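Reading the structure
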Amino acid sequence: MKMHARAGSVALGLAALTLAGCHNYVKRDEFDSTVAELRGNIETARAENREQIAALGRDLEGKLKNQEVAINDLHDKLILNMTAHFDFDKADLRAKDEKALDDVASVVNKRPDMKVTVEGYADSAGSAAYNKRLGQRRAEAVREHLVASGLPADKVTAVSYGDDKDKQLAPGAWGERGQANRRVALVIENGSNQLGAAETHQHGQMSATGR
């Protein structure tokens, strides 16, 4: 994927410079041909990214088949919902969850372009501000374990959604009924910026011509 996306990014950059310097002298058919080629490169990069994500999902499913993990494939990224990780008002990892996180780290670590965002959640007990902090503590605990398991620190980010009702698995529940809300989710996606850069350059190039 890197080669296709990088080629698209470089070509788009050169085309943008050409347009900036001599916009009035670019022939329409040449411009259309260039844009068509760059679009083809971007689509190729997208397809390759899709295959990488799909392959990662298959590997994780095989590794985590005996773990309490639900893997959602969103085409360009994976979301691993790992429920019932934390006791009420706690941010301590359970031993069985440490094993699952070790397995995730072992699979993702083989793909250096992937990055992981750890999302922390809380149930509905307590204030929104407190739950946001609690969710962050849970996310940080998971992040620290993933890094200790071999993932590069700069590839793992921790964020908190607290008791965000739109993201709760059992809306409004807390205590024993809210255990599903006391969880983390791992979002895994390709951390390469090559495809995004290529798309940005292409958009800038087309905007320069008023298309």
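Residues numbered from 1 in each chain as written. Predicted model: local features only at pLDDT ≥ 70, side-chain atom pairs only at ≥ 80, totals over all residues. Heavy atoms only, no water.

1. Some thoughts on the pairing of strand β4 (residues 156–162)
The side chains of a regular strand alternate between the sheet's two faces. Judged by which residues are buried, β4 turns out to be one-sided: Val156, Ala158, Ser160 and Gly162 face inward and are buried, whereas Thr157, Val159 and Tyr161, on the alternate face, are not. Bridging between strand β3 (residues 114–121) and β4 involves six bridges; their strand directions are parallel. Bridge pairing links Gly120 to Ser160 in β4. Since β3 and β4 lie parallel, the crossover through helix α4 (residues 128–148) that links them has a hand, and here it is right-handed. (Buried < 20%, exposed > 50% of the residue type's maximum accessible area, 1.4 Å probe, protein only. Helix = DSSP H or I, 4+ residues; strand = E, 2+ residues; numbered from the N terminus. Pairing = 2+ DSSP bridges. Right-handed = clockwise from strand over helix to strand, strands pointing away.)

2. Some details on the pairing of strand β1 (residues 70–73)
Across four bridges, β1 lies against strand β2 (residues 77–82) in antiparallel orientation. Bridging from a neighbouring strand, Ile71 pairs with Leu80 of β2. Connecting β1 to the next strand, β2, in antiparallel fashion are three residues, including His75 with a positive phi near 80°.

3. Quick word on the packing of aromatic side chains
Per the counting criterion, the structure on display carries two aromatic pairs. Arranged with centres 5.7 Å apart and planes meeting at 15°, the rings of Tyr121 and Tyr161 form a pair that is stacked. Pair noted here: Tyr121 is in strand β3 and Tyr161 is in strand β4, with a separation of 40 residues, a long-range link. Overall, Tyr121 belongs to the buried group, its relative accessible area being 3%. One Lys or Arg, Lys167, reaches over the ring of Tyr161 and ends 4.6 Å from the middle of that ring. (Phe/Tyr/Trp six-rings, centres within 6.5 Å; stacked < 30°, edge-to-face > 60°. Lys NZ or Arg CZ within 6 Å of the ring centre and 35° of its normal.)

4. Section: the nonpolar core
Of all hydrophobic cores here, the largest spans 28 residues; its most connected members are Leu80, Leu146 and Leu186. Residue assignment for this core shows that the elements contributing at least two residues are α2 (28–63), β2, α3 (95–108), β3, α4, β4 and β5 (184–190). With six residues, α3 is the single largest residue contributor to this core. Setting aside anything within four residues of it in sequence, one finds Leu186 in contact with Leu78, Ile79, Leu80, Met82, Leu101, Val104, Val116, Thr117, Val118, Val142 and Leu146. (Core = buried A, V, L, I, M, F, W, Y, C linked by side-chain atoms within 4.5 Å. Contact = heavy atoms within 4.5 Å.)

5. Focus: the sheet that holds β1
Within the open sheet, the five strands sit side by side as β1-β2-β5-β3-β4. Their pairing is mixed. Of all strands in the sheet, those with a lone pairing partner are β1 and β4, marking the two edges. On average, each strand axis in the sheet is inclined to that of its neighbour by 20°, with strand direction left out of account. In the sheet, β3 pairs with β5 via seven bridges, with the strands oriented antiparallel. (Axes fitted to C-alpha atoms, helices over the stretch in contact; angles between N-to-C directions.)

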